Amino acid sequence: MKTHLFAFLTVVLTGANAALAPFIKPCKLNDKECVKSSATAAIPFIVPGIPALDIPPSEPLYIKQATSDQGEMKLTFNDMNIYGLSQSTFNNVEMDEAKSVIRIELETPLFANGTYKLEGKILFIPAEGEGNIEIKTDKVKVFIDVKYTTITDKKGDKYWKLISYDYKYDLIKKVYFMPENLFGGDATRAKPLLELFDQSWKELITELGAPIIKDVVKIAIERVKKFFLAVSISELVQS
Ligand SMILES: *[C@@H]1O[C@H](CO)[C@@H](O)[C@H](O)[C@H]1NC(C)=O
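Quick caveat, the model's predicted, so the values are computed rather than measured. (Residues numbered from 1 in each chain as written. Predicted model: local features only at pLDDT ≥ 70, side-chain atom pairs only at ≥ 80, totals over all residues. Heavy atoms only, no water.)

Caption draft 1: Spotlight on the overall build of the protein chain. The number of helices and strands found in the protein chain is six helices and seven strands. Element order for the protein chain, N to C, with α for helix and β for strand: α-α-β-β-β-β-β-β-β-α-α-α-α. By residue count, 41% of the 239 residues in the protein chain fall in the buried class. Considering only intrachain contacts with a sequence separation of at least 6, the fraction spanning at least 24 residues in the protein chain is 66%. Accessible surface computed for the protein chain: about 13,500 Å², of which carbon and sulfur atoms make up 56%. With 30 positive and 31 negative side-chain charges, the protein chain shows a separation of 5 Å between the mean positions of the two kinds. (Helix = DSSP H or I, 4+ residues; strand = E, 2+ residues; numbered from the N terminus. Buried < 20%, exposed > 50% of the residue type's maximum accessible area, 1.4 Å probe, protein only. Contact = heavy atoms within 4.5 Å. Areas by Shrake-Rupley, 256 points an atom, 1.4 Å probe, with all protein chains shown as cover. Lys, Arg positive; Asp, Glu negative; His and termini not counted. Charge placed at Lys NZ, Arg CZ, Asp CG, Glu CD.)

What follows is the structure, encoded as structure tokens:
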């Protein structure tokens, strides 16, 4: 019954051409403050997922597998759930129409859990283990430049189509990297490695955590891409 009602509402809403994203406050593109606050206001609506737009929930965001292979060291994460995107805020969202680029700077806390497998050496220290893992930080800053083109559908409505992106990030707060069961639970052998994670977290985690950040950015961009392909520019931009 519920599903039917939902399907019905979806058809009615989209069929009637009602606003698909009523939570978006349209902005003039050169009004930076408006664009930033409108983007931030959209987070609590997009992160839980929007079934009508086929956008899945992002809290947690699920990653089946991510791998970091550095020759000396091989690290695989499996079944990672990533929490925190619902608390992200935009520091900057800037539309550069001349270059067809959206420049984004956002801050987010991240908490990830799942399982890991580690083999090899990290800074000459033997590193080996398999089990549960938790990774946590209070603040990561992510900078993303997204290139887009403008497309027009049969009805003449215009949409932004995201085509590529570049990103970088800064670890602002300490990252806690907490693998369980290093060396099969041998605490003596695990100690130097855990100390290394604790003391050299900035250099190490930038490498060790990179595949997770990469996937989080990729999946988030895919979802925003879907959103922009479904919601026409006329709903987003104040004319
Ligand atoms: C991961 O963390 C979440 C949130 O704290 C928790 O609800 C969940 O049970 C954890 N999952 C695992 C596999 O530890």
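Caption draft 2: Spotlight on the side chain of S232. Mapped onto the secondary structure, S232 falls in the loop between α5 (210–230) and α6 (233–236). When its relative accessible area of 7% is taken as the criterion, S232 is described as buried. Of the polar contacts made by the side chain of S232, one reaches the side chain of S234; its length is 2.9 Å. Residues in contact with S232, not counting those within four places in the same chain, are D157, K158 and Y159. (Polar contact = N/O pair within 3.5 Å; in protein donor to acceptor, adjacent residues only side chain to side chain.)

Caption draft 3: Just the state of the cysteines, in detail. Under the definition given, this model contains one disulfide. A sulfur-sulfur distance of 2.1 Å marks the disulfide that ties C27 to C34. Disulfide C27 to C34: torsion about the S-S bond roughly -85 degrees, handedness left-handed. The class of C34 is buried, set by a relative accessible area of 10%. (Disulfide = S-S within 2.5 Å.)

Caption draft 4: Geometry of helix α2 (residues 32–46). Over its 15 residues, α2 runs 21 Å from end to end, which matches the ideal 21 Å to within 8%, given 1.5 Å per residue. Among the residues of α2, C34, V35, S38, A39, A42, I43 and I46 are the ones counted as buried. Each element contacted by the buried residues of α2 is listed here: β3 (89–96) and α5. (Expected span 1.5 Å × (residues − 1).)

Caption draft 5: Seen up close, α5. Relative to the 30 Å expected for 21 residues at 1.5 Å per residue, α5 spans 31 Å between its end C-alpha atoms, a close match to the ideal helical length. All buried positions along α5 are accounted for by P211, I212, I213, D215, V216, V217, I219, I221, R223, F227 and F228.

Caption draft 6: Inspection of the packing of aromatic side chains at higher detail. Summed over the entire model, instances satisfying the criterion amount to eight aromatic pairs. Taken together, a centroid distance of 4.5 Å and an interplanar angle of 5 degrees make the contact between F23 and F45 stacked. You can see F23 sitting in the loop between α1 (2–15) and α2 and its partner F45 sitting in helix α2, a full 22 residues away along the chain. The structure contains a cluster of three or more aromatic residues connected by ring pairs, namely F23, F45, Y148, W160, F227 and F228. (Phe/Tyr/Trp six-rings, centres within 6.5 Å; stacked < 30°, edge-to-face > 60°.)

Caption draft 7: Spotlight on the nonpolar core. If you look at the biggest cluster of nonpolar residues, it comprises 71 residues, and the most contacted ones within it are F77, I122 and F227. Aside from chain neighbours lying at most four places away, what touches F227 is A21, F23, I24, I46, I50, L53, I55 and L236. (Core = buried A, V, L, I, M, F, W, Y, C linked by side-chain atoms within 4.5 Å.)

Caption draft 8: Representation of the packing of helix α3 (residues 187–199) against helix α4 (residues 201–208) within the structure. Across the interface, α3 lies against α4 with an axial gap of 6 Å and an inter-helix angle of 95 degrees. The orientation of α3 with respect to α4, classified from their angle, is roughly perpendicular. For the pair α3 and α4, the contacting residues are L196, F197, D198 and Q199 in the first and W201, L204 and L208 in the second. Here the residues of the contact of α3 with α4 sort into five nonpolar, one polar and one charged. (Axes fitted to C-alpha atoms, helices over the stretch in contact; angles between N-to-C directions. Parallel < 35°, antiparallel > 145°, perpendicular 65-115°, else oblique. Nonpolar A, V, L, I, M, F, W, Y, C, P; charged D, E, K, R; others polar.)

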